[in-house]
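The primary structure of each chain is shown beneath.
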Amino acid sequence: MSLKHFTNGLLRENPLFVMVLGCCPALAVTSSATNGLGMGLATTFVLLSSNTLVALLKNLIPDKVRIPCFIVVIATFVTITDMVMQAFTPDLYKALGIFIPLIVVNCVILGRAEAFAQKNRLLPSVLDGIGMGIGFTMALTLLGSIREILGNGSLFDIKFVAADAKTVLLFILAPGAFITFGFLIAITNILKKKFNI
Amino acid sequence: MDYINIIILAIVVNNVVLMQFLGICPFLGVSGKIATSVGMGGAVVFVMTLANLVTYLIFNFILIPLNITFMQTITFILVIASLVQIVEIILKKVSPSLYQALGIYLPLITTNCAVLGIALLASKKDLNLIMSVVYAASTAVGFTIALVLMAGIREQMQITGVPERMKGFPISLITAGLLSLAFMGFSGLVK
């Protein structure tokens, strides 16, 4: 039973490819696999922490002001992430830039707090947070990998084409993000139909 | 940097949706019809300009003097969320017709990352108060242009044969990709 909460977010309800939530960071920071992974992990931390705290506080928060309360909880953890990343991973912090504070408005996090954590006990909420976070991280890393391989001829900064080889630069620029993401959702649709998930 | 530069940069060269990926959710969500996208665009212009004015004042006259700029994210999101509420209440009383036109789009704007994103970006740039407001207003105009363009294309797309699995999000995203490619043509416009 509990395991289902965890696996839900990985594939069947993948936040990015199935529910299409949190598209802004997904498109903006996935110009390389490393950036996608970093953004995914930062989001996972915030998602896990906010799910945990919301599940613990759900009886204390009045129903009418729950959304502002959730936002304050989320914004607190985002500020922590922001400061930790600035101190320990300065390169990644620079690459992700404004999209770290913007985790606050990532619909995945508020969505899970509202739809899951406030209605469930602690353990399911934690599992749901981890599952959704890993699902989101996998999706961002996949998107980043495809764009990096096609656009730069490398993966996780390891180059496997000649230094002067011509790559499809379009894929690491803005249009490539939209097009790759569009095709990945289409592929998800085909797979869902084929395996009847 | 003069004002014309800021305006052209914000509207076409660094278009907020197609180049900076802010506000993708409303861009994909409410771009089905031209009429609704104009309504959403109007609401965004209104709120983004006002939000930027307020966050500029708070950042420069409260957060910096008190040396608590790390509270930026929390204060900005709370200010924007309550601002949207206040605007909604005031509009309802003062101008019911405008409320009718923009009303349903206002609550959606709280979760529009473009509003928070532009407030954060503007605070990182070295802009004075008027420049900051002009920057926010022209960014919002750029958002509206992208939204209306997209809605126009999607209205046409409804009568064309899109493959079954490409319907909905996939074809919209690929269309947005092509639009973004077109907007890249503006990149040399301003130095």
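Draft legend 1. Local environment of the overall build of chain A. Looking only at helices and strands, chain A features eight helices and two strands. Relative to the globule expectation of 16 Å for 197 residues, the C-alpha radius of gyration of chain A, 18 Å, shows essentially globular dimensions. Relative to its full complement of 197 residues, chain A shows a buried share of 47%. Here the contacts in chain A between residues at least 6 apart in sequence split such that 75% fall between residues at least 24 apart.

Draft legend 2. Layout of the overall build of chain B. Looking only at helices and strands, one finds nine helices and zero strands in chain B. In sequence order, chain B lays out its α and β elements as α-α-α-α-α-α-α-α-α. The C-alpha atoms of chain B give a radius of gyration of 17 Å, which matches the 16 Å a tight globule of 191 residues would have. Projected onto its principal axes, the C-alpha coordinates of chain B cover approximately 60 × 45 × 30 Å. Of all 191 residues assigned to chain B, the portion counted as buried reaches 44%. The long-range share in chain B, meaning contacts at least 24 apart out of those at least 6 apart in sequence, stands at 79%.

Draft legend 3. Just the nonpolar core, in detail. One finds Cys24, Leu27, Ile74 and Val104 of chain A together with Ile24, Val115 and Leu116 of chain B to be the most contacted residues of the largest nonpolar core, which totals 105 residues. Broken down by element, this core gets its largest block of residues, 11 residues, from helix 8 (residues 129-157) of chain B. Residues in contact with leucine 116 of chain B, not counting those within four places in the same chain, are Leu102, Val104 and Val105 of chain A together with Phe76, Ile77 and Ile80 of chain B.

Draft legend 4. Summary view of the environment of threonine 55 of chain B. With respect to the helices and strands, the residue threonine 55 of chain B is situated in helix 3 (residues 34-66). With residues near it in sequence (within four places) discarded, threonine 55 of chain B still touches Phe76, Val79, Ala119 and Ser123 of chain B.

Draft legend 5. How the structure looks around the interface of chain B and chain A. If you look at the interface, chain B gives 28 residues, while chain A gives 31 residues. Split by residue class, the side of chain B that touches chain A holds 22 nonpolar, five polar and one charged.

Draft legend 6. Focus on helix 3 of chain B. All names here are of chain B. Its 33 residues give helix 3 an end-to-end C-alpha distance of 46 Å, which sits within 8% of 48 Å, the value for a rise of 1.5 Å per residue. At phenylalanine 59, helix 3 shows its largest bend, some 35 degrees. Residue asparagine 67 follows helix 3 closely and has a positive phi angle near 60 degrees.

Draft legend 7. Main features of the packing of helix 3 (residues 33-57) of chain A against helix 7 (residues 122-152) of chain A. All names here are of chain A. Two numbers describe how helix 3 lies on helix 7: the axes approach to 8 Å, and their chain directions differ by 165 degrees. When the interaxial angle is binned, helix 3 and helix 7 end up roughly antiparallel. The element helix 3 and its partner helix 7 pack so that their crossing is right-handed.

Draft legend 8. Main features of the packing of helix 1 (residues 3-13) of chain B against helix 8 of chain B. All names here are of chain B. Two elements in contact, helix 1 and helix 8, have axes whose closest approach is 7 Å; the angle formed by their N-to-C orientations is 30 degrees. Between helix 1 and helix 8, the angle is such that the two are roughly parallel. Handedness of the crossing formed by helix 1 with helix 8: right-handed. Counted together, Tyr3, Ile6, Ile7, Ala10, Ile11 and Val12 of helix 1 and Met131, Val134, Tyr135, Ser138, Thr139, Val141, Gly142 and Ile145 of helix 8 form the full contact between these two elements. Residues that form the contact of helix 1 with helix 8 fall into these classes: 11 nonpolar, three polar and no charged.

Draft legend 9. Representation of the environment of threonine 175 of chain B within the structure. Residues and elements named next belong to chain B. With respect to the element layout, threonine 175 can be found in helix 9 (residues 169-184). Using a count of 19 C-beta atoms within 10 Å as the deciding quantity, one classes threonine 175 as partly exposed. Separated by 25 residues in the primary sequence, threonine 175 and methionine 150 place their C-alpha atoms 7.9 Å from one another. Ignoring anything within four residues of it in the chain, the contact list for threonine 175 reads Met150 and Ile153.

Draft legend 10. Highlighting the confidence of the model for chain A. Looking at chain A as a whole, its pLDDT mean stands at 84, while 98% of the residues score no less than 70. Across chain A, element-level confidence peaks in helix 3 of chain A with a mean pLDDT of 90 and bottoms out in helix 1 (residues 2-8) of chain A with 74.

Draft legend 11. Structural detail: the confidence of the model for chain B. Put simply, chain B has an average pLDDT of 83, and 95% of its residues get 70 or more. When mean pLDDT is taken per element in chain B, helix 8 of chain B scores highest with 89 and helix 6 (residues 106-109) of chain B scores lowest with 71.

Draft legend 12. Local environment of the environment of threonine 76 of chain A. Considering the arrangement of structural elements, one finds threonine 76 of chain A in helix 4 (residues 66-88). For threonine 76 of chain A, a count of 17 C-beta atoms within 10 Å puts it in the partly exposed group.

Draft legend 13. Highlighting unusual backbone geometry. Residue and element names in this part refer to chain B. Residue phenylalanine 21 is not a glycine yet carries a positive backbone phi of 55 degrees. With respect to the helices and strands, phenylalanine 21 occurs in the loop between helix 1 and helix 2 (24-29). For asparagine 67, which is not a glycine, the phi torsion comes out positive at approximately 60 degrees. Residue position: asparagine 67 is located in the loop between helix 3 and helix 4 (72-94). Residue classification places asparagine 67 among the exposed residues on the basis of 7 C-beta atoms within 10 Å.

The rules behind each value
Residues numbered from 1 in each chain as written. Chains lettered and ligands numbered in written order. Predicted model: local features only at pLDDT ≥ 70, side-chain atom pairs only at ≥ 80, totals over all residues. Helix = DSSP H or I, 4+ residues; strand = E, 2+ residues; numbered from the N terminus. Rg over C-alpha atoms; globule rule 2.2 N^0.38 Å. Buried ≥ 20, exposed ≤ 12 C-beta atoms within 10 Å, placed from the backbone. Contact = placed C-beta atoms within 7 Å. Core = buried A, V, L, I, M, F, W, Y, C linked by C-beta atoms within 7 Å. Nonpolar A, V, L, I, M, F, W, Y, C, P; charged D, E, K, R; others polar. Expected span 1.5 Å × (residues − 1). Bend = angle between axes of the 7 residues up to and from the residue. Axes fitted to C-alpha atoms, helices over the stretch in contact; angles between N-to-C directions. Parallel < 35°, antiparallel > 145°, perpendicular 65-115°, else oblique. Left-handed = near helix turned anticlockwise from the far one by under 90°. pLDDT = per-residue confidence, 0-100.

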